[in-house]
Amino acid sequence: MARQKEEDGIWMIRKLLSKPNYAVLKLLMVKSPRTTRELYTMLGKSFTRKTLILTLRNLSMNLNILQPTHIRTERGYDLGYNINPKLKEIVKSLERYEKMVESFTGVKTQQD
């Protein structure tokens, strides 16, 4: 049985800032909606397919951050994801805070 982790006051922010979750959110901030194929193609070099599947499931089903949607493609319809409109502002704020921290500390974050 898995050990239950204690949640503190900022556990949800930590979830958002985990490497695979934040990578998916950043891609969806650039262009939304994106198909699962697009996400797998763009992030497949940084993360395993299993990690991406678990990330998308966690963000959409457990945390309600992503909204699944159908996207029209050349071959018919495919599953894609949008960011919940209420959460877009939070992701924008996180990006702003990242830039502020970089300017204060003089340390650049790594780009994937």
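### Description of the overall build of the protein
So, step 1. Helix and strand counts for the protein come out as 5 helices and 3 strands.
So, step 2. Element order for the protein, N to C, with α for helix and β for strand: α-α-β-α-α-β-β-α.
So, step 3. Residue burial in the protein is summarised as follows: out of 112 residues, 34% are buried.
So, step 4. A separation of at least 24 residues holds for 52% of the contacts in the protein among residues at least 6 apart in sequence.
So, step 5. Taken as a whole, the protein presents about 8500 Å² of accessible surface, with 55% of it coming from carbon and sulfur.
So, step 6. The averaged location of the 11 negative side-chain charges in the protein is 4 Å from the averaged location of its 21 positive side-chain charges.

### Overview of helix H5 (residues 85-105)
So, step 1. In a regular helix each residue adds 1.5 Å, so 21 residues correspond to 30 Å; H5 covers 31 Å between its end C-alpha atoms and thus fits that length.
So, step 2. Buried residues of H5: Leu87, Val91, Ser93, Leu94, Glu95 and Glu102, and no others.
So, step 3. The inward-facing, buried residues of H5 contact helix H1 (11-17), helix H2 (19-30) and strand S3 (76-83).
So, step 4. Taken from the residues just after H5, Gly106 is the one with a positive phi, measuring 80 degrees.

### Regarding helix H4 (residues 49-62)
One turn of the α-helix equals 3.6 residues, which is why residues spaced by three or four share an orientation.
So, step 1. With 14 residues, H4 extends 19 Å from end C-alpha to end C-alpha; this agrees with the ideal 20 Å at 1.5 Å per step.
So, step 2. Buried within H4 are the following residues: Leu52, Thr55, Leu56, Asn58, Leu59 and Ser60.
So, step 3. Where H4 terminates, the next one or two residues include Asn64, which has phi positive at roughly 55 degrees.

### Focus on the nonpolar core
So, step 1. In this structure, Val24, Leu25, Leu43, Leu56, Ile65 and Leu66 are the most contacted members of the largest nonpolar core, which totals 21 residues.
So, step 2. Contributions of two or more residues to this core are made by H2, helix H3 (36-43), H4, S3 and H5.
So, step 3. Counting residues per element, this core draws most heavily on H2, which supplies 5 residues.

Criteria and thresholds
- Residues numbered from 1 in each chain as written.
- Predicted model: local features only at pLDDT ≥ 70, side-chain atom pairs only at ≥ 80, totals over all residues.
- Heavy atoms only, no water.
- Helix = DSSP H or I, 4+ residues; strand = E, 2+ residues; numbered from the N terminus.
- Buried < 20%, exposed > 50% of the residue type's maximum accessible area, 1.4 Å probe, protein only.
- Contact = heavy atoms within 4.5 Å.
- Areas by Shrake-Rupley, 256 points an atom, 1.4 Å probe, with all protein chains shown as cover.
- Lys, Arg positive; Asp, Glu negative; His and termini not counted.
- Charge placed at Lys NZ, Arg CZ, Asp CG, Glu CD.
- Expected span 1.5 Å × (residues − 1).
- Core = buried A, V, L, I, M, F, W, Y, C linked by side-chain atoms within 4.5 Å.

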